[in-house]
Amino acid sequence: MKIKRIIITGSLLVSMVAFSQKDELKTLKKIYTKEKTSPSDVSDYKATIIKLESLANEESDKVYLNFYKANVPQIELASLGTVPTSMQLQKTLTPKIVTEIATATKATLEFESKSGKKVLTEDINNDIAIVNPILINMAMELAKAKKEADAATVMNAVYLFNTTNLDNLFYAASFAVNANDYDNALKYYQELKAKNYSGEGVLYYAYNKTIKQEEFFNTKALRDSFVKLGSHEKPRDEKIPSKRGEIYRNIALILVNKGKNEEAKQAFIDARKANPNDDSLLVNEANLYLTLNDFDTYTRLVNEALQKDPNNSEMYFNLGVVSANAKKLDVAEGYYKKAIEIDANYFNAYINLAELKMRSDDKFVEQINKLGTTDKELKQYEVLKTERNKNFQAILPLLEKAIQIKPEDNDAKKALLSIYRALEMSDKAKELKAKMN
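What you are looking at is a predicted structure, and each value in this text was computed from that prediction instead of being measured.

## Remarks on the pattern of salt bridges
- Summed over all chains, the structure comprises 23 salt bridges.
- Its salt-bridge partner being K337, residue E333 comes within 2.9 Å of it at the nearest N-O pair. With a gap of 4 residues between them, E333 and K337 both fall in helix 17 (residues 329-342), about one helical turn apart.
- If you follow the salt bridges from partner to partner, you end up with K220, R223, D224 and D237 in one network.

Below is the structure:
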């Protein structure tokens, strides 16, 4: 009897613990799903989490504990009584906290999908629909503030909330690249590659007659219905090209940056198989072999690129960039000139060619600064000054043409202004200065 009584008592104890755990979870769910929370709710929420931590033994308890625990900052924000400002959001929902919330949310949704018990799925999906635009806006603001690493973290969190939307992971990778966070960028790009993401699509636009501007529509059917009603006109479709070439190329370039040259070689092979029409891959692959001093392979790839498209001005321009970076300045100049020969309005080719020639000025300045005041040195100064001015005269038409192509480009104007001043062309300098913003 005593043994039986002990067994019964033990069973009751286990049962009480189980009910205790359910009570804690019910309390947390009740507060989490409230439309408005109070400071006392926040206190109860935190206290309940502490209680649950010592009771959570089952997988389900641990999943929900992690979820509710990660969401403490959101509960605190909800208790403010007003809509949080952008500053309050960024201060409370730091990239680290957003990632923790997203990770716990993803785990909870996956658990409920696996178990078949949708305790929070509907509430979570409703919250995601509300919070995603806020987080995307936060990521954009962080990027504008030159905090691309944080922007990448937030966008990756947005992706974790809904892993079917790979666009968000692509943006996270792009932000990570801009932040030179190559480890995370590589991880994001490789996941995109594994999931065969292309990013292809169509954007639908129509002109709103009332507000007199073009508007974007999520679907063709919706756009067409507004056009049919007569409120909109001039329907326009804009095709979004595949991003696979960019993804494969960036994987290879990141591997090059990390010194993983053999992996990079294979990445370029994969990239070209997947994107046979992306000629920029050939140029970047050639660049890899140039940095490895494998000039035979470099030459072969360059010739292959040029045979495929001998009138591709962009390819010649890219080859110019590659050659300039390798300090093969004469070769680079030839490529830039070829790009201009094919496309007389290739703005960047004029700018880069001007920059290439401007490098010679450092040599002249260095030699002039070493001269003294003897007759011989003064004569040498006149020779150097003449050669320097010849170089400026060669740069002059390049920058003038560039500004003719893009009159709004202030950087080109500043460069041209410095040339005018160096050549003592005061009237031209004054005229150009008046046109600058």
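## Description of the packing of aromatic side chains
- Under the defined criterion, the tally for this structure stands at 12 aromatic pairs.
- Between F67 and Y68 the ring centres are 5.5 Å apart and the planes differ by 70 degrees, which places this aromatic pair in the edge-to-face class. Like F67, the residue Y68 is buried in the burial classification.
- With centroids separated by 6.3 Å and ring planes inclined at 45 degrees, the aromatic side chains of Y316 and Y335 adopt a geometry described as tilted. Residue Y316 is located in helix 16 (residues 313-325), and its partner Y335 is located in helix 17; the two are separated by 19 residues in the primary sequence.
- Overall, Y316 belongs to the buried group, its relative accessible area being 10%.

## Structural notes on the nonpolar core
- In this structure, Y32, Y45, Y68, L135, Y189 and L192 are the most contacted members of the largest nonpolar core, which totals 66 residues.
- Counting residues per element, this core draws most heavily on helix 8 (residues 148-161), which supplies 9 residues.
- Ranked by size, the runner-up nonpolar core spans 44 residues in total, among them M315, I340, A402 and A429.

Rules and cut-offs
- Residues numbered from 1 in each chain as written.
- Predicted model: local features only at pLDDT ≥ 70, side-chain atom pairs only at ≥ 80, totals over all residues.
- Heavy atoms only, no water.
- Salt bridge = Lys/Arg side-chain N within 4 Å of Asp/Glu carboxyl O.
- Helix = DSSP H or I, 4+ residues; strand = E, 2+ residues; numbered from the N terminus.
- Phe/Tyr/Trp six-rings, centres within 6.5 Å; stacked < 30°, edge-to-face > 60°.
- Buried < 20%, exposed > 50% of the residue type's maximum accessible area, 1.4 Å probe, protein only.
- Core = buried A, V, L, I, M, F, W, Y, C linked by side-chain atoms within 4.5 Å.

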